[in-house]
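# Overview (structure and organization)
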Amino acid sequence: MLTGWRLALSKLFIIPQRYVLAIMALFAIANAYTMRVCLNMAITQMVKKRDSGIGSSHYDPDACPDPNTSNATMTLANFLLRADGGEEKFDWSEATQGLLLSSFYYGYVVTHLPGGMLAERLGGKWVLGLGLLSTAICTLVTPFAVKTGGATALFILRVIEGLGEGPTMPGLMAMVSKWSPKEERAKMGAIIFGGAQIGNIGGSYFSGLIMHEGSWENVFYLFGSIGLAWFVIWTFLCYSTPNTHPFISDAEKKFLNENVAALKHNKEQKLDPVPWKALIRSWPLLSLIIAAIGHDWGYFTMVTDLPKYMTDVLKFNIKSTGTLSAVPYVAMWISSFFFGVLCDFCIKKGYHNIRNARKIYTTIAATGPGICIIMASYSGCDKTLAVFWFIAAMTLMGAYYSGMKVNALDITPNYAGTTTGLVNGIAAVSGIISPYLIGLLTPQSTLKQWRVAFWVCFGLLVVTNVVYLIFAKGEQLWWDDVKTMGYPKGWKHGPLPTRKTDVEKEKSKEEVKQ
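Residues numbered from 1 in each chain as written. Predicted model: local features only at pLDDT ≥ 70, side-chain atom pairs only at ≥ 80, totals over all residues. Heavy atoms only, no water.

### A look at the overall build of the protein chain
For the protein chain, the helix and strand inventory stands at 22 helices and zero strands. Sorting the 514 residues of the protein chain into buried and exposed places 51% on the buried side. A sequence separation of at least 24 residues applies to 82% of the contacts in the protein chain between residues at least 6 apart. Surface exposure of the protein chain reaches about 23,500 Å², of which carbon and sulfur atoms provide 65%. (Helix = DSSP H or I, 4+ residues; strand = E, 2+ residues; numbered from the N terminus. Buried < 20%, exposed > 50% of the residue type's maximum accessible area, 1.4 Å probe, protein only. Contact = heavy atoms within 4.5 Å. Areas by Shrake-Rupley, 256 points an atom, 1.4 Å probe, with all protein chains shown as cover.)

### Quick notes on empty space enclosed by the protein
The full count for this structure, using the stated rule, is four cavities of 30 Å³ or more. One number sums up the size of the largest cavity: a volume of about 70 Å³. Residue lining of the largest cavity: Ala291, Gly294, His295, Tyr361, Thr362, Ala365, Ala366, Tyr400, Met404, Leu461, Thr464 and Asn465, and that is the complete set. Elements represented by at least two residues in the lining of the largest cavity include exactly helix H13 (283-312), helix H15 (354-377) and helix H20 (447-471). When residues of the lining of the largest cavity are assigned to their parent elements, the largest contribution, four residues, is made by H15. Each residue belonging to the lining of the largest cavity can be placed in one class, and the counts come to seven nonpolar, five polar and no charged. In terms of lining residues, the second largest cavity is bounded by Val37, Asn40, Met41, Asn200, Ser204, Met302, Val303, Leu306, Pro307, Ser325 and Tyr329. If one sorts the elements of the lining of the second largest cavity by residue count, H13 sits on top with four residues. Domain assignment of the residues forming the lining of the second largest cavity places at least three in each of domain 1 (13-50 + 88-250) and domain 2 (276-488). (1 Å grid on protein atoms, 1.4 Å probe; cavity = no way out; pocket = protein on both sides within 12 Å on 5 of 7 lines; lining within 4 Å. Points joined across faces, edges and corners; volume = space filled by probe spheres on them. Nonpolar A, V, L, I, M, F, W, Y, C, P; charged D, E, K, R; others polar. Domains from an automatic or database assignment.)

### Here's the deal with the environment of Ala357
Positionally, Ala357 belongs in helix H15. Under the relative-accessibility criterion, Ala357 is labelled buried at 0%. Residues Ala357 and Asn407, spaced 50 residues apart in sequence, show a C-alpha to C-alpha distance of 9.9 Å.

### Examining the confidence of the model for the protein chain
Low pLDDT marks stretches whose predicted atomic positions should not be read closely. Here the protein chain averages 80 in pLDDT, while 82% of its residues score no lower than 70. Here helix H3 (residues 71-83) stands out as the least confident element of the protein chain, with mean pLDDT 41; helix H9 (residues 217-237) is the most confident, with 93. A low-confidence stretch, residues 70-86 stays under pLDDT 50, and its non-local contacts, those more than four residues away or across chains, total nine contacts. (pLDDT = per-residue confidence, 0-100.)

### A word on the nonpolar core
In this structure, Met46, Trp92 and Phe390 are the most contacted members of the largest nonpolar core, which totals 89 residues. Tallying contributions element by element places helix H2 (residues 17-46) first for this core, with 17 residues. Inspection of this core shows a minimum of three residues originating in each of domain 1 (13-50 + 88-250) and domain 2 (276-488). By size, the runner-up hydrophobic cluster in this structure holds 27 residues, among which are Met404, Ile411, Leu477 and Val482. (Core = buried A, V, L, I, M, F, W, Y, C linked by side-chain atoms within 4.5 Å.)

### Examining the packing of aromatic side chains
For the structure shown, the criterion picks out 25 aromatic pairs. Taking 5.0 Å as the distance between ring centres and 25 degrees as the angle between the ring planes, the aromatic pair formed by Trp230 and Trp234 counts as stacked. Of this pair, Trp230 and Trp234 are both found in helix H9, four residues apart, which corresponds to roughly one turn of the helix. Every member of this aromatic cluster is reached through a ring pair, and the members are Phe104, Tyr105, Tyr108, Tyr299 and Phe300. One cation-aromatic arrangement involves Arg36 over Tyr33; the distance from NZ or CZ to the ring centre is 4.3 Å. (Phe/Tyr/Trp six-rings, centres within 6.5 Å; stacked < 30°, edge-to-face > 60°. Lys NZ or Arg CZ within 6 Å of the ring centre and 35° of its normal.)

### Some thoughts on the pattern of salt bridges
The tally for this structure, following the rule as stated, stands at five salt bridges. Where Arg158 meets Glu161, a salt bridge forms, and the shortest distance between an N and an O atom there is 3.4 Å. Within this pair, Arg158 and its partner Glu161 are both found in helix H6 (residues 142-165), separated by three residues, close to a single helical turn. Residues Arg158 and Glu161 agree in their burial class; the two are buried. (Salt bridge = Lys/Arg side-chain N within 4 Å of Asp/Glu carboxyl O.)

Following this line, the structure appears as structure tokens:
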């Protein structure tokens, strides 16, 4: 009876279960990003607008004209909203807003590496699923929490959301490693990781559309509800490994067990313990971490603060802000495929090796966007030109996926999960610092203050990229497989930990008996 039920379900799916997983993983990442970035848009409508006109304490002589409303009309509108029992605006300073925008990453940094290690032990399904479920619940209760507890409640809630989303990518990678044959990995990766840009696009566009017609509260209700719906479907359709999947076809299970290395490993083939002693002394890995910090600083500056710049400086209305904030991510999504194809083509033709490929595309993704956002800040109130430079910045950042994003797989394929969690977790500190620092640098959110913030971003992108250019490698490092490659000359830090095979264990037992 049970076997027949499973067979019937397996025949319902036209596409293989590994691609069902890929599609659900795409929606997982998209949901994670929409729930992460929706506050970036919503906060522009949650706070009171500061008067920067002549005679005010926040007068900005370079302020762009606001075509949406006059100060008098705005004041009357706010009065009528309160008189009618409508939404009340919060009097949060730019520094407070920056702290709130960064609060998510306080939790995110903490659970990134532990989440990956937990997923390797227990499987990624529930680590990923329950993490996003907690984020969805927190997103749903955000309006209530803000109205009752103010900025403090919102800060705590966002930290909890970060704790839930921290294990998302490591948990997902633990699952993908069990479901993706080597020859299909690039295709599945393109499907899955496209969810990040879909989330940014959808989060920005639909937030602007919703708030143009209604309240900022509806943004959280929408994306939180979608997160809950995703969790229910995920629970029934997706499983950590093919061998635990109840209604995968026998043919697909056999194919995966024969072609996925992670499923073929037996006890004798298990990896040695993580070589932390060598790992923390590895300059190629440290340079990757440093480069990731710079990239994340630039990326989070765009993701977190671009809506505020468009609203406060360029004076776009919220609908236009949502649409225009989404366009750069469309450009980044498309360009990432272009750079990927170009990179693979050049390596195949021998125009450059893997090490130089990582350096070239990382440089494009770092210095290019840095220059573009500086140009945008000097575009003044020319909205068309400023938006052009922001789109150009994110287009060039698409080269990141062909550069340092995959470098961990080059230098440490055996410990890519741990090193990726380490790199991403440390780099996410930029998400804590950058929004808060930008809030401090732009207390009145003037054009000149934002220009300073963009120069800081440019400096970090360039300096971290230079470090990467000096120390980056493109080949497997010795400590990733010390049994085969041996110790480097001059190694003075003792042997790396190794896992004994069954033969060695039996030999040790015999020696003890004797």
